[in-house]
Amino acid sequence: MTEPGESDDERRAKGLPPEPGTGARRATPPTPVSVAFWLYVAGGLLLVAAFGYTLTQQESVSNALIDLNTSDTLDEEQIRTGVTTLLWTMFVAAVAFAILFALFGWKAREGNRSSRTILTVLAAITLLIQLLLFPTSIPILVAAFLAVVATALLYLPSVADYFPRPGGGGLR
């Protein structure tokens, strides 16, 4: 167990994260970690803006899909309803990703190792969504790029000691 007056630096030396729930000042995060946080925030906001703009264009998206429709089983109303549902779902997902990027980016600034892992998964999902679903969308491409760069910053050798290994041991 830890000693009552143990500082965050002493806890880090033992491979432990900062003491949870204490009002104590956290160690200043390395510059790459702070930059990564702001890149995640910018990427999340860009995702929300891109899908928010697409949501405002649902009439033109619906009309384009109606013109492309070759199926006799789908009528215009079904296509319009499907487009509305899809665009709102994507917008809500973008808001959720932005919140998760900000939340776990903040936790990574506090030295939380598991937040770094979660951010890596979120960045990978963002990149896959961009590549598979929206390969021509420049704003989503930029958001995915920002998330990938931010993730790379969290794995730089200069910040490795800021994210302590569980138990303080293990191979480097």
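Just above sits the structure.
Residues numbered from 1 in each chain as written. Predicted model: local features only at pLDDT ≥ 70, side-chain atom pairs only at ≥ 80, totals over all residues. Heavy atoms only, no water.

### Concerning helix 6 (residues 138-154)
- Counted at 1.5 Å a residue, the expected span for helix 6 with its 17 residues is 24 Å, and the 25 Å between its end C-alpha atoms agrees.
- Every buried residue of helix 6 is accounted for by I140, A143, A144, L146, A147, A150, T151, L153 and L154.
- Buried positions along helix 6 lie against helix 2 (31-56), helix 4 (76-109) and helix 5 (113-133). (Helix = DSSP H or I, 4+ residues; strand = E, 2+ residues; numbered from the N terminus. Expected span 1.5 Å × (residues − 1). Buried < 20%, exposed > 50% of the residue type's maximum accessible area, 1.4 Å probe, protein only. Contact = heavy atoms within 4.5 Å.)

### Concerning the side chain of T151
- With respect to the helices, strands and loops of the structure, T151 is situated in helix 6.
- Polar side-chain contacts of T151 include one of 2.8 Å to the backbone oxygen of A147.
- Discounting residues that sit within four places of it in the chain, T151 has contacts with Y40, L119, T120 and A123. (Polar contact = N/O pair within 3.5 Å; in protein donor to acceptor, adjacent residues only side chain to side chain.)

### So, the environment of T117
- As for its placement among the helices and strands, T117 is situated in helix 5.
- Residues T117 and F104, spaced 13 residues apart in sequence, show a C-alpha to C-alpha distance of 9.4 Å.

### Considerations on the pattern of salt bridges
- Taken as a whole and judged by the stated rule, the model has three salt bridges.
- Among the salt bridges present, the one from E59 reaches R80, with a minimum N-O distance of 2.9 Å. In this pair, E59 is assigned in helix 3 (residues 58-68) and R80 in helix 4, connecting sequence segments 21 residues apart.
- By relative accessible area, E59 is classed as partly exposed at 48%. (Salt bridge = Lys/Arg side-chain N within 4 Å of Asp/Glu carboxyl O.)

### What to know about the packing of aromatic side chains
- Applying the stated rule across the entire model yields seven aromatic pairs.
- On the numbers, 5.3 Å between centres and 25° between planes, the contact of Y40 with F101 is stacked. Placement of the pair is Y40 in helix 2 and F101 in helix 4, with a sequence separation of 61 residues.
- On the basis of relative accessibility, which here comes to 1%, the residue F101 falls in the buried class.
- Centroid distance W88 to F91: 6.0 Å. Interplanar angle 90°. Geometry classified as edge-to-face. With a gap of three residues between them, W88 and F91 both fall in helix 4, about one helical turn apart.
- Owing to a relative accessible area of 45%, W88 belongs among the partly exposed residues under this scheme.
- By the ring-pair criterion, three or more aromatic residues cluster together here, those being F37, W38 and W106.
- The ring of F37 has R109 lying over it, and the distance from NZ or CZ to the ring centre is 5.4 Å. (Phe/Tyr/Trp six-rings, centres within 6.5 Å; stacked < 30°, edge-to-face > 60°. Lys NZ or Arg CZ within 6 Å of the ring centre and 35° of its normal.)

Read these as spatial facts, not as claims about activity.
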